[in-house]
Amino acid sequence: MLTFTLNPTDARVYVDDTASNMDYFCPTCGSPVIPRKGEVRRHHFAHKGGGSCADGWSRSYDDSEWHHLWQERFPRKNQEITLTLGEVRHRADVLTETTVVEFQRSALTPEQFNERNTFYQDLGYKVVWLYDLRDAFREGALREEPHKDAGLRFSWGNPRKAFRAYDLERGNVNLFLQLRDEGDGPCIVRPEDVSPNGFETCPSYIK
């Protein structure tokens, strides 16, 4: 869901700061967009005429409430930043000086996951992913177990296919998994080992 766009002078504009008599344009594909500021859905921009964005990632951008709450923890100047590599343009959820942060609740294919990582890495950025796995943890698909060396271990017998090619050793793509909003144990963990049966992880950050 697009919440930042460009005015005719190419200045970034937040959806709640728009004027009714001004033209606005998609920062990724350049098509005209209009602000949607109703009372039901989150305020956003829509492409005029019901058209879709020319950005090939547009259908896989995560629009969940969880995603937006995390994104809004960052200053607006760092949110929804369009990056360009040759003729290709894509929108990062958050961009800091050296790092792209992506928040993802819905599933990505391995090809989509790898394409995003390659795009950002080719631009010289480190990539940090935060995946929402609260439902999987709540339903027991991802389990918390005592571990003699690490204190706790989290095993996931059937991890998402997108992570099968994830390389823990590369270091310029970091993956974090949110398991809960609050509680006695860690809320967010980082995979530290991968086996054919899934992930074995240890807490590296506690929200």
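Basis of the calculations
Residues numbered from 1 in each chain as written. Predicted model: local features only at pLDDT ≥ 70, side-chain atom pairs only at ≥ 80, totals over all residues. Heavy atoms only, no water. Helix = DSSP H or I, 4+ residues; strand = E, 2+ residues; numbered from the N terminus. Buried < 20%, exposed > 50% of the residue type's maximum accessible area, 1.4 Å probe, protein only. Areas by Shrake-Rupley, 256 points an atom, 1.4 Å probe, with all protein chains shown as cover. Phe/Tyr/Trp six-rings, centres within 6.5 Å; stacked < 30°, edge-to-face > 60°. Lys NZ or Arg CZ within 6 Å of the ring centre and 35° of its normal. pLDDT = per-residue confidence, 0-100. Salt bridge = Lys/Arg side-chain N within 4 Å of Asp/Glu carboxyl O. Expected span 1.5 Å × (residues − 1). Contact = heavy atoms within 4.5 Å.

## Looking at the overall build of the protein
- Looking only at helices and strands, the protein has three helices and 14 strands in total.
- Relative to its full complement of 207 residues, the protein shows a buried share of 45%.
- As displayed, the protein has an accessible area near 11,300 Å², and 46% of this comes from carbon and sulfur atoms.

## Regarding the packing of aromatic side chains
- In this structure the tally under the stated criterion is 10 aromatic pairs.
- Feature note: the residues Trp-66, Trp-70, Phe-74 and Phe-103 constitute an aromatic cluster, connected by ring pairs.
- Sitting over the ring of Trp-70, Arg-73 keeps its end group 4.1 Å from the ring centre.
- Here the basic side chain of Arg-76 rests over the ring of Tyr-14, its NZ or CZ set 3.7 Å away from the ring centre.

## Some remarks on the confidence of the model for the protein
- The pLDDT averaged across the protein works out to 83; a share of 86% of its residues lies at or above 70.
- Strand E8 (residues 99-104) holds the highest mean pLDDT among the elements of the protein, 95, whereas strand E14 (residues 198-205) holds the lowest, 55.

## Observations concerning the pattern of salt bridges
- Scanning all chains against the criterion turns up nine salt bridges.
- Asp-17 is paired through a salt bridge with Arg-76; the nearest N and O atoms lie 3.9 Å apart. Pair noted here: Asp-17 is in the loop between strand E2 (12-14) and strand E3 (24-25) and Arg-76 is in the loop between helix H1 (65-71) and strand E6 (79-85), with a separation of 59 residues, a long-range link.
- For Asp-17, a relative accessible area of 52% corresponds to the exposed category.
- Between Arg-138 and Asp-135 there is a salt bridge whose closest N-O contact spans 2.6 Å. Remark: Asp-135 and Arg-138 occur in helix H3 (residues 134-138); sequence separation between them is three residues, near one turn of the helix.
- Using a relative accessible area of 59% as the deciding quantity, one classes Arg-138 as exposed.
- Of the residues examined, Asp-135 reaches a relative accessible area of 32% and is grouped as partly exposed.
- Overlapping salt bridges bring together Arg-105, Asp-132, Arg-134, Asp-135, Arg-138 and Asp-181 as one network.

## What about helix H2 (residues 110-122)?
- For H2, which comprises 13 residues, the first-to-last C-alpha distance of 18 Å matches the rise-based estimate of 18 Å (1.5 Å per residue) to within 8%.
- Restricting attention to buried positions, one finds in H2 the residues Phe-113, Arg-116, Asn-117, Phe-119, Tyr-120 and Gln-121.
- Among the structural elements, E6, strand E7 (88-95), E8, strand E9 (126-132) and strand E12 (173-178) are those in contact with the buried residues of H2.
- Immediately downstream of H2, the backbone of Gly-124 shows phi near 95 degrees, a positive value.

## A few points about the environment of Arg-160
- Structurally, Arg-160 can be placed in the loop between strand E11 (151-156) and E12.
- Residue classification places Arg-160 among the partly exposed residues on the basis of a relative accessible area of 24%.
- Residues Arg-160 and Leu-108 lie 52 residues apart in sequence; the distance between their C-alpha atoms is 8.4 Å.
- Discounting chain neighbours no more than four positions away, the residues touching Arg-160 are Arg-105, Ser-106, Ala-107, Tyr-131, Asp-132 and Leu-133.

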